[in-house]
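Chain by chain, the residues:
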Amino acid sequence: MPAPAPTTLTQAGHALADPRTYTDETRLHTALTLLRHQAPVHHVDAPGYNPFWAITRHSDILAIERDHTLWLNAPRPVLRTTALDHALHTRREQGKALTSIVHLDEPHHRPLRAVAADWFRPHAMRTLNTRIRDLARRHVDLMAQHGTTCDFARQIAAHYPLYVILTLLGLPESDFPRMLHLTQQLFGHNDDETGRGTGTPSDHTGVLEDLFAYFHHLTATRRAHPTADLASRIANARIDGRLLDDNTAASYYILIATAGHDTTTSTIAGGLEALIRHPDQLRRLRDDPALLPAAVEEMIRWVSPVKAFMRTAAADTRVRGVPIGEGESVLLSYPSANRDEDVFDEPFRFEAGREPNRHLAFGFGVHFCLGAALARMEVAALFAELLPRLAEVELDGEPAWTATTFVGGLKRLPIRYSLV
């Protein structure tokens, strides 16, 4: 049975630390709305987690993201159980920790980000445009091959962005199924279907071990035999004259291959589900394709595939007048910011032509999502190919969401459709 919707602030705060909350949109947004209205800076002491402050207003999250000298990513960039925090701390002491741009602050963050930044700028994306459009067409053709029904989340949305991102890295197509499996296990380790089965820290660290082994081999290969792909750029990049150490290079690959894939998958699946549930907006978009860029932004706002990042105070400070001590952590809730009534008119309405749309789904400031331009291009290309061919579409069963507190979205979206 689904958990009841929270009715108290304590229940609402605890809900943010429960991966099951993100499988139930009603429960999630009941909790977030309660916190936004009654306690936008709320202390959460949930069983199994180190305490944190839940930040749920758009303006507060924006202010924290802007001040990267006061609010640090390290040592707690994402919400994890106390047990998983301990397990990852042990890995760090063993020299096996993830060291991606998500985990780092200045002065280390900026030069590492610069290693791949040029590959994700809009001018670089234009060179990928033809390849992305071809992949979008291939996956809509695949829908036609399935006939009149498919699980859009599993059979289309999960594969198309993976092909894009792994093509960018230069990985062989034969490795794509393995990468899909490992990606789903990494972000869905709390989910009974996508995780490895126990929900323990060993599930998460085991996936990391498999990813590190794969990408350490890739680093060695690209250093011995460089090619014209992003994997070679990372493998052979130098900071202060030195090659990246193997773990830092592997962490870069893991960030791009997993976050760059799973977030876009969630947006595409969630975007189609939103159009199905708002048929007036589907008709509007089909009648006026010029609305597609705005509709892509609305899909990203609506889905908010990154559920939260954490920041830790470098000094005593206040948020909305609430004192937060040095070393205390805050959880930045992006689904809440992106439904904030102070910023969005009718935030619980999917509006294909919404303008302005100041969503924070990509974050803000120095940690703004490296792959934002690529994600937008992928979503736009898929729907530009799909919508003119989609004569009819409806749900063909109940959608289901991944249990997570970090990155995720729909894991099943059964649909019935006809294509022209």
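Residues numbered from 1 in each chain as written. Predicted model: local features only at pLDDT ≥ 70, side-chain atom pairs only at ≥ 80, totals over all residues. Heavy atoms only, no water.

Colleague: Can you help me understand helix 14 (residues 292–303) in this one?
Modeller: Given 3.6 residues to a turn, an α-helix orients residues that are three or four positions apart in the same direction. Its twelve residues place the ends of helix 14 16 Å apart at the C-alpha level, agreeing with the 16 Å of an ideal helix rising 1.5 Å per residue. Immediately beyond the C-terminal end of helix 14, within one or two residues, lies serine 304, with a positive phi of roughly 45°. (Helix = DSSP H or I, 4+ residues; strand = E, 2+ residues; numbered from the N terminus. Expected span 1.5 Å × (residues − 1).)

Colleague: Explanation requested: the sheet that holds strand 11 (residues 390–395) in the structure shown.
Modeller: Read from one edge of the open sheet, three strands run 4-14-11, paired in antiparallel fashion. This sheet does not close on itself; its edge strands, each paired only once, are strand 4 (149–151) and strand 11. Pairwise comparison of adjacent strand axes, ignoring direction, gives a mean angle of 30° for this sheet. Relative to strand 14 (residues 414–419), strand 4 runs antiparallel, the two being bridged by three bridges. What sits directly across from aspartate 151, in strand 14, is proline 414. Against the sheet, helix 12 (residues 246–277) makes contact with strand 11 and strand 14, and its axis sits at roughly 90° relative to strand 11, the strand it touches most. (Pairing = 2+ DSSP bridges. Axes fitted to C-alpha atoms, helices over the stretch in contact; angles between N-to-C directions. Contact = heavy atoms within 4.5 Å.)

Colleague: Teacher, can you tell me more about the pairing of strand 2 (residues 52–55) here?
Modeller: For a regular strand, the rule is simple: side chains alternate between the two faces of the sheet. Every second residue of strand 2 is oriented toward a common face, with Phe52 and Ala54 on one face and Trp53 and Ile55 on the other, all of them buried. In terms of strand pairing, strand 1 (residues 41–44) meets strand 2 through four bridges, oriented antiparallel. In the strand pairing of strand 2, valine 41 is matched with isoleucine 55. Bridge count for strand 2 against strand 10 (residues 329–333) is three bridges, and the pairing is parallel. Across the sheet, tryptophan 53 pairs through a bridge with valine 330, a residue of strand 10. (Buried < 20%, exposed > 50% of the residue type's maximum accessible area, 1.4 Å probe, protein only.)

Colleague: Whenever I open this one, the pattern of salt bridges confuses me. Can you help?
Modeller: Counted under the stated rule, the structure contains 27 salt bridges. A salt bridge links aspartate 85 to arginine 80; the shortest N-O distance between them is 2.9 Å. Residue arginine 80 is classed as buried on the basis of its relative accessible area, which comes to 9%. Linking arginine 354 and glutamate 298 is a salt bridge whose minimum nitrogen-to-oxygen distance equals 3.1 Å. Of this pair, arginine 354 sits in the loop between helix 15 (334–337) and helix 16 (372–386) while glutamate 298 sits in helix 14; the two residues are 56 residues apart in sequence, bridging distant segments of the chain. You can call arginine 354 buried: its relative accessible area is 8%. Overall, the relative accessible area of 0% leaves glutamate 298 in the buried class. Salt bridges sharing partners connect three or more residues here, namely Arg36, Arg57, Asp340, Glu341 and Asp342. (Salt bridge = Lys/Arg side-chain N within 4 Å of Asp/Glu carboxyl O.)

Take it as geometry only, folks, not as evidence of what the structure does.
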